[in-house]
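Chain residues, written in single-letter form:
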Amino acid sequence: MQQETQATFRIWRGDASGGGFADYPTTVSEGMVVLDAVHQIQAEQANDLAVRWNCKAGKCGSCSAEINGKPRLMCMTRLNELDMSQPVTVEPMKAFPLVRDLVTDVSWNYRVKQGIKPFKPREPDAPDGTWRIAQSDVDRVQEFRKCIECYLCQDVCHVLRDHQKHDEFIGPRYLVYAAALEMHPLDTEDRIPELRQAHGIGYCNITKCCTAVCPEHITITDNAIIPLKERVVDDAFDPVGKLVKIFSRRHT
């Protein structure tokens, strides 16, 4: 028989006009995650509590929130990982506009994605109209495809969270997306000018906080952002590279 204990959850209630934390004492048991407790509170004490979720398996990214001040997925945060002797604070992500309670408007992310140049493959190099790709090149970008778009990396990024540079910076999630395209062995599109200017890659000072909160353990900073920064620097400031480009254009 599972042992039950009492716990208190301090949940943020309100909307864009204002609000505050409300304490909800509830009974928890072994194996529960934060989302279980929130659903229990919603069913028994706060029927109007707004919370977004879908799969409850850590694959949809819907239940992102800040738990004890850290951006996390509620469905993947087990209660036995937390200090249950103190109230567990649950609040909405701070990098996006608040809708109500734990729900934020993340539609800005979808607009950002539309502004990134899409995949542009080179011509097929085999008689049957397909391509030949080295496995090592495939492996390099495969990691980036694990992203579930939970936007926890966007939420923890100080450029978006603290400085509100949404008009000038696309954030770590979409730097990962751009890296997946830029490093694809078949892609021929050039996104470097946009990364430097419109996408604001220079704002990132590689604190690695985005990597620390990623539930899919994508090495965002080292494997995606830093290589993109190197490409931007090479393109803008490498004199040898500039000469190569000039002579390549003349030859073409």
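Here, every reference points to the structure presented above.
All values reported here derive from a predicted model rather than from experimental measurement.

Visitor: What is the right way to look at the overall build of the protein in this model?
Guide: Scanning the protein for helices and strands turns up 10 helices and seven strands. When its C-alpha atoms are laid out on the principal axes, the protein stretches across 75 × 40 × 25 Å. Sorting the 252 residues of the protein into buried and exposed places 42% on the buried side. Of the roughly 13600 Å² that the protein leaves accessible, carbon and sulfur atoms contribute 50%. One finds the centroid of the 31 positive side-chain charges in the protein at a distance of 5 Å from the centroid of its 35 negative side-chain charges.

Visitor: Please explain the environment of Asp 36 as it appears in this structure.
Guide: Relative to the helices and strands, Asp 36 is located in helix α1 (residues 34-44). Separated by 20 residues in sequence, Asp 36 and Lys 56 place their C-alpha atoms 9.2 Å apart. Residue contacts for Asp 36: discarding those within four places in its chain leaves Gly 31 and Lys 56. A polar side-chain atom of Asp 36 sits 3.0 Å from the main-chain amide nitrogen of Val 33.

Visitor: Can you help me understand the environment of Leu 82 in this one?
Guide: When you line up the elements, Leu 82 lands in the loop between β4 (70-73) and β5 (88-91). With residues near it in sequence (within four places) discarded, Leu 82 still touches Val 34, Ile 67, Asn 68, Arg 72, Thr 77 and Val 88.

Visitor: Please explain the side chain of His 39 as it appears in this structure.
Guide: The topology assignment puts His 39 in helix α1. Residues within four places of His 39 in sequence aside, it is in contact with Val 51 and Trp 53.

Visitor: So what exactly am I meant to see when it comes to helix α2 (residues 107-114) here?
Guide: What α2 keeps buried is the set Trp 108, Asn 109 and Val 112. Looking straight down α2, one finds its buried side chains confined to an arc of 100°; they lie on one side. Structural note: α2 exposes Arg 111 and Gln 114 on the side pointing more than 90 degrees away from its buried face. In the core, the buried residues of α2 are packed alongside α4 (152-156), α5 (158-161) and α6 (171-182).

Quick notes on the rules
- Residues numbered from 1 in each chain as written.
- Predicted model: local features only at pLDDT ≥ 70, side-chain atom pairs only at ≥ 80, totals over all residues.
- Heavy atoms only, no water.
- Helix = DSSP H or I, 4+ residues; strand = E, 2+ residues; numbered from the N terminus.
- Buried < 20%, exposed > 50% of the residue type's maximum accessible area, 1.4 Å probe, protein only.
- Areas by Shrake-Rupley, 256 points an atom, 1.4 Å probe, with all protein chains shown as cover.
- Lys, Arg positive; Asp, Glu negative; His and termini not counted.
- Charge placed at Lys NZ, Arg CZ, Asp CG, Glu CD.
- Contact = heavy atoms within 4.5 Å.
- Polar contact = N/O pair within 3.5 Å; in protein donor to acceptor, adjacent residues only side chain to side chain.
- Arc of directions from axis to C-beta.

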